[in-house]
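Here is how the chains run, residue by residue.
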Amino acid sequence: MLFYIVMNNHGELNFSPVPAVDKLLKGAVRYLSPGLPLEFLERYFGKEDNSSENHIRQEIILALKKDGSVITGQPKWLDIDGNSPYYEDCLKTLKEKDMLPRLLIMTKGRQLSEGECSLLAKALGLSSIEVLIILHKAVVLKNGEWVPCLYRGKNTWRCERCGDDHCEVWPSQYGDTATCLGCKSIGALTSLQVLFRQKLQAENTILTVDLVKEDWPGLDWQFTNAQSHAAQELMNYSRSREVNETLVWAACGAGKTEITFPLIREYLQEGKSVLFAAPRQDVVHDIQPRLQRHFSPYKVKILSGAVQPDWAGSLLTVATTHQVLRFYRSFHLVIFDEIDAYPYAGNKVLEYGMRKATKENGKIIYLTATPSNVILEKVARQECRLIRLPARFHGYLVPVPEILKIKLQANVSGQDLLRHNSLSAICEALRELALIGQLIVFVPTVALVTEWVKVLKLILRDKKIEGSWSSDPERKRKVSAFSSGNCDILVCTSILERGVTIHGVQVAVLYADHKLYDVRSLVQMAGRTGRTAACPSGRTIFLARSKTRAMKTAINWINEQNTLAISGGFIHG
Amino acid sequence: MASIFFTKAKEITKLIWYEENDNCRLCGKKSIEAVCQSCREEYFRTELRRCVSCGKLTGNEFTHCQDCQAGKGPKGLSKVTAVGYYDGAWKEFIHNIKYKGQPYLLIALTDYLTSWAVKQLPPPDMIVPVPLHPNRLAQRGFNQAEVLASILGRNLGISVQDNLVRFEDTRPQISFGRYERINNIRNAFGLKPHANIAEKIIWLVDDVITTGATIDECARILRNNKAKAIYAFCLGAGKEGY
């Protein structure tokens, strides 16, 4: 979208995509044609510039030349009148008084890209020009602002939506122009474009619209002692003004999501906005109905790449971390599930987006069973509070992994593997686990999945054995067959590492000393055992040539959680 | 800390021993040039004539393709040239630019595109890109024709003027047959106020020409406003059997 320099009778400047709006609402009289990218105008001109019309014109010509532009025409100052772009549309649209508040509700807390503006227009049954006029009216009335999508630094560009400086530069007629690569997955932005953001003042006037005031019946969930304890701590911390971030470090299967519910409830009842974000779509689609059930008076909005954009206002939003880039200073409380999981872990763009979506002084809560070093360092520096939820909801300890030393390397395959002298010990251990219940055998690579399925089918002939990995076309069928008990042993890569609960399952991690397995994946894999109340125990065996540091730390983490759970009095008996 | 050190060290090493990207931009195979010889032979087909009216690659000895000889193609242009046959990897490359937000892919081809344009067309006074409707521009973030025009303009020192405007958000031409395309595009364009094109030689630039309905309509507007001569340049066009 291009912007024009507009000027009023006192020589005050402004940048406007529709000069007619500035005339009708603010008495602007002249505009400089042609329009130019806002990024260019902001870089070269201050709005408080008191230069004469002619001087500004000359400056534009020089600036375009400096930027390597291929435009050679002379800019002209023109009167804003009936011949100006969209004048008639402005006269008509500005008369509609109720459109602005409606649009502000729909765009609350968002930063709208130009592409989203046309989607919004469609949703409202308006033309793109009408939406542009109303949005610019919001800007003129100081309820919003236009921001260039990318800002140009000395040698780099920086994306205003995702904060990334990883850009590709190409020539447009205005000179060097950039496309941001950081947030391309939700629609690439270029430096010729702008974002619309609401300003905070605007929000106070409209925020109460979707506030539910009705009395709420009692909560329909019951906490264990450990959960109540953690939930209470979370409430206390969120009231503290000193630190805005809290890490909830829970045992696998402790019911960490639920402990945020009382806090969510408190925020919602105060009319404050809450975001529940998770890195993966399946987690988001799984949590939304749960939240909707618990917070039935509120609409729980879902945002993910898999669903159409939802413009209805809502206090409680569930979103994938990528979608969070669409918000700006929007949420009072952000709850962030599985922070150490792909694609969020170590992704600076998503982390930046998360911070930008949170209001200044808003609270961020991280939930994880396996925190990253970065966040643990933050805790050590006291920039983030730590809450432990060490006991599982059923009140039994997390089974501690055992180690079985084998002499097998990951590159041994085929006949060599069948003849290997460690094979009988490995198969004996697996047979033993399979006697207790269904068994997941984790291996580090896809090739090893097929290799071990073959071997186990030969040796454990009485067992039903399947193998799967992330791009396996039959993955869904095999995993659901295993979950419903129609398969005894599933050999797989990390696909079942997280978020899976299978009644009575046992775990073996083959090649546990492999470099792909860090402490977090080992803890998560071990955390698959003993998750249900009906079967709270189980066994995990790490089969490895040596005891790596990751294996030691994983066992230490689980032992430490268990000790905390015992000393907190959260364990049965 | 160590990983940051190694990333930085790698970046610095790259700066010292400049690593040339030596893959063909179309097929990805090793190539010193931006487009490898075998892709050039397959898609650019420099030995084939381009139909003067619609830019189509033709194997015959005539100046016009069969469609244009039968009076079906665009009529308002002095000459049209297409860089290559709009098919396979070349088509995919153009789609990546257009639909996957990667205008920067064109930069690697700057020299080839410029030299093709100056070999085929006489020098212009200005380059005019075929405009996008504002709605589509908002979705895409850039107009691929304008990027192409800017690359040529910058390299040749010729002014680029987006003098045309698109009024109608027409349905993508891809969904129509020849006659529907012509009707779809009628009155979709106009000249911007204050544009001065009288007596000017113009290169009209677009990414792809299929039936030529779009450039013909743009050329009509330019001609009606007294342009002296209009030439068209595009990345891809069809090919006539021979």
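Residues numbered from 1 in each chain as written. Chains lettered and ligands numbered in written order. Predicted model: local features only at pLDDT ≥ 70, side-chain atom pairs only at ≥ 80, totals over all residues. Heavy atoms only, no water.

## Some remarks on the overall build of chain B
Part 1 of the reasoning: The helix and strand tally for chain B stands at nine helices and nine strands.
Part 2 of the reasoning: In chain B, which comprises 242 residues, the proportion classed as buried is 50%.
Part 3 of the reasoning: Considering only intrachain contacts with a sequence separation of at least 6, the fraction spanning at least 24 residues in chain B is 72%.
Part 4 of the reasoning: Accessible surface computed for chain B: about 12100 Å², of which carbon and sulfur atoms make up 52%. (Helix = DSSP H or I, 4+ residues; strand = E, 2+ residues; numbered from the N terminus. Buried < 20%, exposed > 50% of the residue type's maximum accessible area, 1.4 Å probe, protein only. Contact = heavy atoms within 4.5 Å. Areas by Shrake-Rupley, 256 points an atom, 1.4 Å probe, with all protein chains shown as cover.)

## Comments concerning the overall build of chain A
Part 1 of the reasoning: The helix and strand inventory of chain A stands at 19 helices and 24 strands.
Part 2 of the reasoning: The dimensions of chain A, computed from C-alpha atoms along their principal axes, are 90 × 60 × 45 Å.
Part 3 of the reasoning: Out of the 573 residues in chain A, the part that is buried amounts to 58%.
Part 4 of the reasoning: Taken together, the 71 basic and 59 acidic charged side chains of chain A have centroids lying 4 Å from each other. (Lys, Arg positive; Asp, Glu negative; His and termini not counted. Charge placed at Lys NZ, Arg CZ, Asp CG, Glu CD.)

## Let's talk about the domain arrangement of chain A
All names here are of chain A.
Part 1 of the reasoning: Entries for chain A in the domain assignment read domain 1 (1-95), domain 2 (211-389) and domain 3 (402-567).
Part 2 of the reasoning: Averaged C-alpha coordinates put domain 2 and domain 3 at centres separated by 31 Å.
Part 3 of the reasoning: Buried surface at the junction of domain 2 and domain 3, summed over both partners, amounts to about 1100 Å²; 50% is from carbon and sulfur atoms.
Part 4 of the reasoning: Three residues, Cys 252, Thr 370 and Arg 388, lead the burial of domain 2 against domain 3; their summed loss comes to 44% of the area buried on that side. (Domains from an automatic or database assignment. Buried area = accessible area lost by both parts, 1.4 Å probe.)

## Brief notes about the environment of Gly 68 of chain A
Part 1 of the reasoning: Along the chain, Gly 68 of chain A turns up in the loop between helix H3 (53-66) and strand S4 (76-79).
Part 2 of the reasoning: Between the C-alpha atom of Gly 68 of chain A and that of Gln 173 of chain A, which follows or precedes it by 105 residues, the distance is 8.5 Å.
Part 3 of the reasoning: For Gly 68 of chain A, the residues in contact, after removing those within four places along its chain, are Gly 175 of chain A together with Arg 154 of chain B.

## Quick word on the interface of chain A and chain B
Part 1 of the reasoning: Taken together, the contact between chain A and chain B spans 28 residues of the former and 24 residues of the latter.
Part 2 of the reasoning: Among the residues of chain A in contact with chain B, Val 70, Pro 171 and Gln 173 of chain A are the three that bury the most area, contributing 29% of the side total.
Part 3 of the reasoning: Where chain A packs against chain B, one counts one salt bridge.
Part 4 of the reasoning: The closest approach of N and O atoms between Arg 154 of chain B and Asp 176 of chain A, which form a salt bridge, is 2.8 Å.
Part 5 of the reasoning: Taken together, the links from chain A to chain B amount to 13 residue pairs in polar contact (both at pLDDT 80 or more).
Part 6 of the reasoning: Only S4, helix H6 (114-124), strand S9 (167-172) and strand S10 (175-180) of chain A provide two or more residues apiece to the side of chain A that touches chain B.
Part 7 of the reasoning: Residues belonging to the side of chain A that touches chain B are distributed by class as follows: ten nonpolar, twelve polar and six charged. (Salt bridge = Lys/Arg side-chain N within 4 Å of Asp/Glu carboxyl O. Polar contact = N/O pair within 3.5 Å; in protein donor to acceptor, adjacent residues only side chain to side chain. Nonpolar A, V, L, I, M, F, W, Y, C, P; charged D, E, K, R; others polar.)

## Here's the deal with the packing of aromatic side chains
Part 1 of the reasoning: The full count for this structure, using the stated rule, is twelve aromatic pairs over all chains.
Part 2 of the reasoning: With a centroid separation of 5.0 Å and an interplanar angle of 70°, the aromatic rings of Trp 249 of chain A and Trp 557 of chain A are classed as edge-to-face. Of this pair, Trp 249 of chain A sits in strand S12 (residues 245-250) while Trp 557 of chain A sits in helix H19 (residues 549-567), and the two are 308 residues apart along the sequence. Both residues of the pair, Trp 249 of chain A and Trp 557 of chain A, count as buried.
Part 3 of the reasoning: Here Phe 261 of chain A and Phe 295 of chain A contribute two aromatic rings whose centre-to-centre distance is 5.5 Å and whose plane-to-plane angle is 75°, an arrangement assigned as edge-to-face. Of this pair, Phe 261 of chain A sits in helix H10 (residues 261-269) while Phe 295 of chain A sits in the loop between helix H11 (281-294) and strand S14 (300-303), placing them 34 residues apart in sequence. Across the pair, Phe 295 of chain A and Phe 261 of chain A agree in class, each one buried.
Part 4 of the reasoning: An aromatic cluster is present here, built from Phe 44, Trp 90, Phe 93 and Tyr 112 of chain B joined pairwise through their rings.
Part 5 of the reasoning: The positively charged end of Lys 272 of chain A is found above the aromatic ring belonging to Tyr 267 of chain A, 5.4 Å away from the centroid.
Part 6 of the reasoning: Lying across the ring of Trp 249 of chain A, Arg 388 of chain A places its NZ or CZ 3.9 Å from the centre. (Phe/Tyr/Trp six-rings, centres within 6.5 Å; stacked < 30°, edge-to-face > 60°. Lys NZ or Arg CZ within 6 Å of the ring centre and 35° of its normal.)

## Here's the deal with a positive patch on the surface
Part 1 of the reasoning: There is a patch of like positive charges on the surface, built from Lys 405, Lys 547, Arg 549 and Lys 552 of chain A.
Part 2 of the reasoning: On the secondary structure map, Lys 405 of chain A appears in strand S19 (residues 402-405). (Patch = residues over 30% accessible without salt bridge, like charges linked within 9 Å, V, L, I, M, F, W, Y side chains within 5 Å.)

## Side note on the packing of helix H5 (residues 99-106) of chain A against helix H7 (residues 128-140) of chain A
Residues and elements named next belong to chain A.
Part 1 of the reasoning: Between H5 and H7, the least distance of the axes is 10 Å, while the angle of their chain directions is 90°. Our classification of the angle between H5 and H7 gives roughly perpendicular. Residues Met 99, Leu 100, Leu 103 and Leu 104 of H5 form the contact with H7, whose participating residues are Ile 134, Leu 135, Lys 137 and Ala 138.
Part 2 of the reasoning: Taken together, the residues that form the contact of H5 with H7 break down as seven nonpolar, no polar and one charged. (Axes fitted to C-alpha atoms, helices over the stretch in contact; angles between N-to-C directions. Parallel < 35°, antiparallel > 145°, perpendicular 65-115°, else oblique.)

## Thoughts on the sheet that holds strand S5 (residues 111-113) of chain A
All names here are of chain A.
Part 1 of the reasoning: Strand order across the open sheet formed by three strands is S5-S11-S6, with antiparallel pairing between neighbours. Edge strands, defined here as strands with exactly one partner in the open sheet, are S5 and strand S6 (144-148). Strand-to-strand, the axes of this sheet are offset by a mean angle of 25°, without reference to chain direction.
Part 2 of the reasoning: As defined by bridge partners, S6 adjoins strand S11 (residues 194-198) across five bridges and the pair is classed as antiparallel. Bridge assignment links Glu 145 to a residue of S11, and that residue is Arg 197. (Pairing = 2+ DSSP bridges.)

## Side note on the pattern of salt bridges
All names here are of chain A.
Part 1 of the reasoning: Scanning the entire structure with this criterion turns up 41 salt bridges over all chains.
Part 2 of the reasoning: Residues Glu 245 and Lys 378 are paired through a salt bridge, measuring 2.8 Å at the closest nitrogen-oxygen approach. Of this pair, Glu 245 sits in strand S12 while Lys 378 is found in helix H13 (residues 373-380), placing the two residues 133 residues apart along the sequence.
Part 3 of the reasoning: Overall, Glu 245 belongs to the buried group, its relative accessible area being 9%.
Part 4 of the reasoning: Overall, the relative accessible area of 14% leaves Lys 378 in the buried class.

## Considering unusual backbone geometry
Residues and elements named next belong to chain A.
Part 1 of the reasoning: Cis geometry marks the peptide bond from Ser 33 to Pro 34, where omega comes out at 10°.
Part 2 of the reasoning: Although it is not a glycine, Arg 329 adopts a positive phi angle of roughly 45°.
Part 3 of the reasoning: One can find Arg 329 in the loop between strand S15 (316-320) and strand S16 (331-337).

## Some points on the pairing of S9 of chain A
Part 1 of the reasoning: Of the strand pairs in this sheet, S9 of chain A and S10 of chain A are connected by six bridges, and their pairing is antiparallel. By the bridge assignment for S10 of chain A, Trp 170 of chain A is matched with Thr 177 of chain A.

## Some details on the confidence of the model for chain B
Keep in mind that low pLDDT regions are not for reading the predicted coordinates in detail.
Part 1 of the reasoning: With 84% of its residues at a pLDDT of 70 or more, chain B has an overall mean of 87.
Part 2 of the reasoning: Taking the mean pLDDT of every element in chain B, the minimum, 60, falls on helix H8 (residues 178-185) of chain B and the maximum, 97, on strand S9 (residues 229-237) of chain B. (pLDDT = per-residue confidence, 0-100.)

## Points about the nonpolar core
Part 1 of the reasoning: Among the nonpolar cores identified, the biggest contains 93 residues, and Ile 5 and Ile 60 of chain A together with Trp 90 and Phe 233 of chain B are the most heavily contacted of them.
Part 2 of the reasoning: Among the elements that take part in this core, H7 of chain A stands out by supplying nine residues, more than any other.
Part 3 of the reasoning: Beyond its immediate stretch of four places on either side in the chain, Ile 60 of chain A contacts Ile 5, Leu 32, Leu 36, Phe 40, Leu 41, Phe 45 and Pro 75 of chain A.
Part 4 of the reasoning: Listed in part, the 42 residues of the second largest apolar core include Leu 316, Ile 335, Ile 387 and Ile 558 of chain A. (Core = buried A, V, L, I, M, F, W, Y, C linked by side-chain atoms within 4.5 Å.)

## A closer look at H11 of chain A
Residue and element names in this part refer to chain A.
Part 1 of the reasoning: Counted at 1.5 Å a residue, the expected span for H11 with its 14 residues is 20 Å, and the 20 Å between its end C-alpha atoms agrees.
Part 2 of the reasoning: Buried within H11 we find Val 283, Val 284, Ile 287, Gln 288, Leu 291 and His 294.
Part 3 of the reasoning: Tucked inside the fold, the buried residues of H11 contact H10, strand S13 (274-278), S14, S15 and S16. (Expected span 1.5 Å × (residues − 1).)

## Some thoughts on H3 of chain A
Residues and elements named next belong to chain A.
Part 1 of the reasoning: For H3, built from 14 residues, the straight-helix expectation of 20 Å at 1.5 Å per residue is met to within 8% by its first-to-last C-alpha distance of 20 Å.
Part 2 of the reasoning: For H3, the set of buried residues is Ile 56, Arg 57, Ile 60, Ala 63 and Leu 64. Seen end-on, H3 carries its buried residues on one side only, within an arc spanning 130°. For H3, the exposed residues set more than 90 degrees away from the buried face come down to Leu 62, Lys 65 and Lys 66.
Part 3 of the reasoning: Contact partners of the buried residues in H3: strand S1 (2-8), strand S2 (13-16), strand S3 (28-37), helix H2 (38-44) and S4.
Part 4 of the reasoning: Downstream of H3 by a residue or two, Gly 68 has a phi angle that is positive, lying close to 80°. (Arc of directions from axis to C-beta.)

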